[in-house]
Amino acid sequence: MTGAPIPTLNAAAFLTEHRHLFLERPLPGPVLDLACGGGHNGVFLATQGVSVVCCDRSPEALERTRTLADEHQVSIRLWQADLEGEGVNPLPVDFYGGILVFRYLHRPLIPHLRRSLKAGGVLMYETFTVEQPRFGKPRNPDFLLKKGELRGWFEDWEVIDYFEGIRVKPERAVAQIVCRKPGRSPGPSFLE
């Protein structure tokens, strides 16, 4: 392939540090990159050989994700969905082998995320805390985690890594968790 250089993937540092969790053994299903934005995290995992579904409500974001995947010559599935429809659960139950959530918070979705991940699956979640307004957006408390809130949602799971505080480059107030849903995985999914 000739022409413009392939754009660099700007995958989250937390994901690149823990990518082995998605590679070390077969996941029991595909990885969902929830509210994927430009798709850098999902496409990054796809370049590692992981089956990925990138979900966003924005068709423009999904088109950017498709372009990025094409430029990196990987196959991903795209899913346009409104994750915030009142009283609606858009997530299939007991389906995903991994779920990524970065810079997104819709509290009513948390129980659905828990049910959507298969036993033995890996969840990685990073978003802003109530300390974030001193560094910039977002400022709306509806989109900011309270102290200990993220860990509390998954305290009954195997917590592999957890951080809550200030990160630099760029400076931001975040909570980060990577955890495994308890239970034995039934093995690789044949629905992929």
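The following paragraphs examine the structure supplied in this document.

What counts and how
Residues numbered from 1 in each chain as written. Predicted model: local features only at pLDDT ≥ 70, side-chain atom pairs only at ≥ 80, totals over all residues. Heavy atoms only, no water. Buried < 20%, exposed > 50% of the residue type's maximum accessible area, 1.4 Å probe, protein only. Helix = DSSP H or I, 4+ residues; strand = E, 2+ residues; numbered from the N terminus. Contact = heavy atoms within 4.5 Å. Salt bridge = Lys/Arg side-chain N within 4 Å of Asp/Glu carboxyl O. Core = buried A, V, L, I, M, F, W, Y, C linked by side-chain atoms within 4.5 Å. Phe/Tyr/Trp six-rings, centres within 6.5 Å; stacked < 30°, edge-to-face > 60°. Lys NZ or Arg CZ within 6 Å of the ring centre and 35° of its normal. Pairing = 2+ DSSP bridges. Axes fitted to C-alpha atoms, helices over the stretch in contact; angles between N-to-C directions.

What follows is about helix 3 (residues 40-47). With 6 of 8 residues buried, helix 3 is to be regarded as a mostly interior element. Where helix 3 is concerned, the buried positions are Asn-41, Gly-42, Val-43, Phe-44, Leu-45 and Ala-46. In this structure, the buried residues of helix 3 make contact with helix 1 (13-17), helix 2 (20-23), strand 1 (31-34), strand 2 (52-56), helix 4 (59-71) and strand 4 (96-102). The positive-phi residue at the C-terminal boundary of helix 3 is Gly-49, with phi of around 95 degrees.

Here we take up the environment of Gly-98. Within the secondary structure, Gly-98 sits in strand 4. The spacing of Gly-98 and Gly-121 is 23 residues in sequence and 5.2 Å in space, taken between C-alpha atoms. Here Gly-98 is in contact with Phe-22, Pro-30, Val-31, Leu-32, Leu-117 and Val-122, once residues within four sequence places are set aside.

Looking now at the pattern of salt bridges. Considering all chains together, one arrives at 7 salt bridges under this definition. The salt bridge involving Arg-180 is made with Glu-158; its shortest N-O contact spans 3.7 Å. Separated by 22 residues along the polypeptide, Arg-180 in strand 7 (residues 172-180) and Glu-158 in strand 6 (residues 158-167) bring together distant segments of the chain. Connected through shared salt-bridge partners, Glu-24, Glu-158 and Arg-180 make up one network.

Take the nonpolar core next. The biggest cluster of nonpolar side chains holds 27 residues, and the ones touching the most others in it are Leu-15, Phe-22, Leu-45, Leu-100 and Met-124. The set of elements that each furnish at least two residues to this core consists of helix 1, helix 2, helix 3, strand 2, helix 4, strand 4 and strand 5 (117-128). Counting residues per element, this core draws most heavily on helix 3, at 4 residues. Non-local contacts of Leu-15, meaning those with residues more than four positions away in its chain, are made with Phe-22, Asn-41, Phe-44, Leu-45, Leu-100, Phe-102 and Met-124.

A few words now on the packing of aromatic side chains. The full count for this structure, using the stated rule, is 2 aromatic pairs. Ring centres 4.9 Å apart and planes at 85 degrees place the aromatic pair Phe-95 and Tyr-96 in the edge-to-face group. By relative accessible area, which is 21% here, Phe-95 ends up partly exposed. Taking the relative accessible area as the measure of exposure, Tyr-96 reaches 3% and is therefore buried. The ring of Phe-163 carries Arg-167 above its face, with NZ or CZ at 3.6 Å from the centroid.

Okay, the sheet that holds strand 5 next. Pairing in this open sheet of 7 strands is mixed, and the strands run 3-2-1-4-5-7-6 from one edge to the other. The open sheet terminates on both sides in strands that have one partner only, identified here as strand 3 (77-80) and strand 6. Between one strand axis and the next, the sheet turns by 15 degrees as a mean value, whatever way the strands run. Pairing of strand 2 with strand 3 involves 4 bridges; the strand directions are parallel.

Geometric descriptors of this kind do not, in isolation, establish any biological role.
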